[in-house]
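Chain by chain, the residues:
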Amino acid sequence: LQSFHGLMFQFQAARNLLPRRPEFAMHAFDEAILATEEAIAEGRDAIRALRPTPTTQRDLAESLSGIGKEIGSTHGANGQSPSLRVIVEGKPRRLSPTLQNEIYRIGSEVIRNAFQHAVASRIEVEIRYDEHQLRLRIRDDGKGIDPTVLEGGGSPGHWGLPGIRERAERIGSGFELWSELGAGTEVE
């Protein structure tokens, strides 16, 4: 709701610019439209977080591939959509519903961020089943994360990175993030 409230002010400012400075108004409208897409995604994430998901009925690779296709179809309608590839190594094992749901939510948040913010051409999801551990690694070839965002543990008012870190801790998992401007991002 806070995001939509802020959008109201952006649209009002653009409307006020329209008679005197139409070129600035158009730029302001474009910025507000992009912010609207982000607010919709935030709202969708909040709603998903409240509902149980059917991910426990599908394997992890299928679930993450599905969220990538869903985001990609929405993203592709607005411009170029990156390719998403899911790789599974090792013999997939059945996970507890709670564990699978948390891993799915971590993966879907990372994938969503890659689609929305990275300006990537490729996103790769690697799921590795070892004898005593499961490793999820997601990498993109996008623009990377601003170092100030990394140092601060996320952007003010956004809960993606802190939420991922909290979910990883809740299931007793490690969490590593590597990113460099112009060289993409990798989350494990």
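This report concerns the structure included in the present document. (Residues numbered from 1 in each chain as written. Predicted model: local features only at pLDDT ≥ 70, side-chain atom pairs only at ≥ 80, totals over all residues. Heavy atoms only, no water.)

Here Ile127 shows up in strand β2 (residues 122-129). Put simply, Ile127 and Pro92 are 35 residues apart on the chain and 8.9 Å apart in space, counted from C-alpha to C-alpha. The contacts of Ile127, once residues within four sequence positions are left out, are Leu60, Ala61, Leu64, Val86, Ile87, Val88, Glu89, Leu134, Arg135 and Leu136. (Helix = DSSP H or I, 4+ residues; strand = E, 2+ residues; numbered from the N terminus. Contact = heavy atoms within 4.5 Å.)

This part covers helix α4 (residues 97-117). Over its 21 residues, α4 runs 30 Å from end to end, which matches the ideal 30 Å to within 8%, given 1.5 Å per residue. Phi turns positive one or two residues past the end of α4, at Val119, with a value near 55°. (Expected span 1.5 Å × (residues − 1).)

Ordered by their spatial adjacency, five strands build an open sheet running β1-β2-β3-β5-β4, and the pairing between neighbours is mixed. Single-partner strands in this sheet number two, and they are β1 (83-89) and β4 (177-180). If you compare each strand with its neighbour and ignore which way they point, the axes differ by 10° on average. Bridge count for β1 against β2 is seven bridges, and the pairing is parallel. Counted as the bridge partner of Ser83 is Arg122 from β2. Packed on one face of the sheet, α4 meets β2, β3 (134-140) and β5 (184-187) and runs near 10° to β3. (Pairing = 2+ DSSP bridges. Axes fitted to C-alpha atoms, helices over the stretch in contact; angles between N-to-C directions.)

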